[in-house]
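Remarks on the overall topology
If you want the building blocks of each chain, they are given just below.
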Amino acid sequence: PHRGQIESAEFMRAMLEESEIRESHREDDPRVQDAYSLRCAPQVLGAVRDAIRFAEETVGIELNASTDNPLVFENGDVISGGNFHGQPVAQALDFLAITLTTLQAIAERRVERLVNPDLSQGLPAFLTGDPGLSSGLMVVQITAASLVAESRALAMPASIGSIPTDANQEDFVPMGMASAWKAQRILLNAQRVVAAELLCAAQGLEFLKPLAPGKGVGELYRRLRGLVPALVADRPPAPDLERLTQAVAAGDLDPGAPS
């Protein structure tokens, strides 16, 4: 009964409602079960949801707290304490960095499944109608893989790396600024990797027509095609990827966002 898992599963059911593509696999599908990046999506993305919620709650508490030193109360008490210490926020940011790395790592695995003909269940290699002569979206997967690799290198927690300062008066410090910087960089990487998955997924749908995707997926596909046309012949993928990254960052592709 993890809250994030329940929410993620509900979202997936809504996205896949009335999917003709899903129904086409009800009978005679050769697979016994899907790979984890598909089958365990609610569990993994649910854990991501819960971690983001924890970070948000922690930062919200800190922003609404009194952290001065000393603290001066209405009754005249003056107390020198340690509420300024940023360990809660530093740890939350490190947790956020880890979970955003998880988010992009599982997204990249699904990108690989879309472009790899050994895994894509009938889609052409690199999602191009002319595989072998055209590169299609091959470089998009390479880009996603490199971003995930960078994020993994950055995901080492900074909040465990205290180095004493101030003549050892400040002998245990949270290193929260390093946590914040790394989390920001990892967030930017995650937005690009999610955009890469959306770019490849939309292209994959081109080869499954006339089967219709689920209602939610169909709406997302229409929004994506308003930003990026289908790939017919090779073109540089960077402009398409950047447009989708900006849309992901702005929330323009979120459910319920204005079309």
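Quick note: structure is the one above.
Here's what I pulled together on the structure shown here. Quick caveat, the model's predicted, so the values are computed rather than measured.

Procedures and definitions
Residues numbered from 1 in each chain as written. Predicted model: local features only at pLDDT ≥ 70, side-chain atom pairs only at ≥ 80, totals over all residues. Heavy atoms only, no water. Helix = DSSP H or I, 4+ residues; strand = E, 2+ residues; numbered from the N terminus. Buried < 20%, exposed > 50% of the residue type's maximum accessible area, 1.4 Å probe, protein only. Contact = heavy atoms within 4.5 Å. Areas by Shrake-Rupley, 256 points an atom, 1.4 Å probe, with all protein chains shown as cover. Lys, Arg positive; Asp, Glu negative; His and termini not counted. Charge placed at Lys NZ, Arg CZ, Asp CG, Glu CD. Salt bridge = Lys/Arg side-chain N within 4 Å of Asp/Glu carboxyl O. Expected span 1.5 Å × (residues − 1). Arc of directions from axis to C-beta. Core = buried A, V, L, I, M, F, W, Y, C linked by side-chain atoms within 4.5 Å.

**Section: the overall build of the protein**
When its secondary structure is counted, the protein shows 9 helices and 2 strands. Shown N-terminal to C-terminal, the secondary structure of the protein runs as helices and strands in the order α-α-α-α-β-β-α-α-α-α-α. In terms of overall dimensions, the protein has a C-alpha envelope of 75 × 35 × 35 Å along the principal axes. In the protein, which comprises 259 residues, the share counted as buried stands at 37%. Look at the contacts in the protein between residues 6 or more apart in sequence, and 73% of them connect residues 24 or more apart. Carbon together with sulfur atoms contributes 59% to the accessible area of the protein, which is approximately 15,100 Å² in total. Computed over 22 positive and 34 negative side-chain charges, the inter-centroid distance for the protein is 8 Å.

**Concerning unusual backbone geometry**
A cis geometry characterises the amide bond from asparagine 69 onward to proline 70, with omega recorded as 5 degrees. With respect to the helices and strands, proline 70 occurs in the loop between helix H4 (41-63) and strand E1 (71-72). Cis geometry marks the peptide bond from lysine 209 to proline 210; its omega dihedral reads 15 degrees. A positive phi angle is found at leucine 127, which is not glycine, with a value near 60 degrees. Among the structural elements, leucine 127 can be located in the loop between helix H5 (87-115) and helix H6 (138-154). A positive phi angle, near 55 degrees, is found at methionine 175, a position not held by glycine. As for its placement among the helices and strands, methionine 175 is situated in the loop between H6 and helix H7 (176-206).

**With respect to the pattern of salt bridges**
A side chain of one charge can pair with a side chain of the opposite charge if their charged atoms are brought near each other. Scanning the entire structure with this criterion turns up 19 salt bridges. A salt bridge links glutamate 108 to arginine 109; the nearest nitrogen and oxygen atoms lie 2.8 Å apart. On the accessibility criterion, glutamate 108 (6% relative accessible area) is buried. Note on arginine 109: relative accessible area 41%, which makes it partly exposed. For the salt bridge of glutamate 197 with arginine 110, the shortest nitrogen-to-oxygen distance reads 2.6 Å. Of this pair, glutamate 197 sits in helix H7 while arginine 110 is found in helix H5, placing the two residues 87 residues apart along the sequence. Under the relative-accessibility criterion, arginine 110 is labelled buried at 12%. A single salt-bridge network, built from bridges that share partners, covers Arg3, Glu7, Arg49, Asp50 and Arg53.

**Observations regarding helix H9 (residues 238-250)**
The end-to-end C-alpha separation of H9 is 18 Å, in line with the 18 Å expected for 13 residues at 1.5 Å each. All of the buried residues in H9 are Asp240, Leu241, Leu244, Thr245 and Ala247. Taken end-on, H9 shows its buried residues confined to a sector of 165 degrees, consistent with a single buried face. Residues of H9 that are exposed and point over 90 degrees away from its buried face: Ala238 and Ala250. Contacts made by the buried residues of H9 are with H6, H7 and helix H8 (215-227).

**Describing the nonpolar core**
By size, the foremost hydrophobic cluster in this structure holds 31 residues, and its most contacted members are Leu127, Leu137, Leu199, Cys200 and Leu224. Listed by contribution, the elements that provide at least two residues to this core are H5, H6, H7, H8 and H9. By residue number, the principal contributor to this core is H7, which donates 8 residues. Ignoring any residue separated from it by four or fewer positions in sequence, one finds leucine 224 in contact with Leu198, Ala202, Leu244 and Leu253. Among the nonpolar cores identified, the runner-up in size contains 6 residues, and Leu100, Leu154, Ala155 and Ala183 belong to it.

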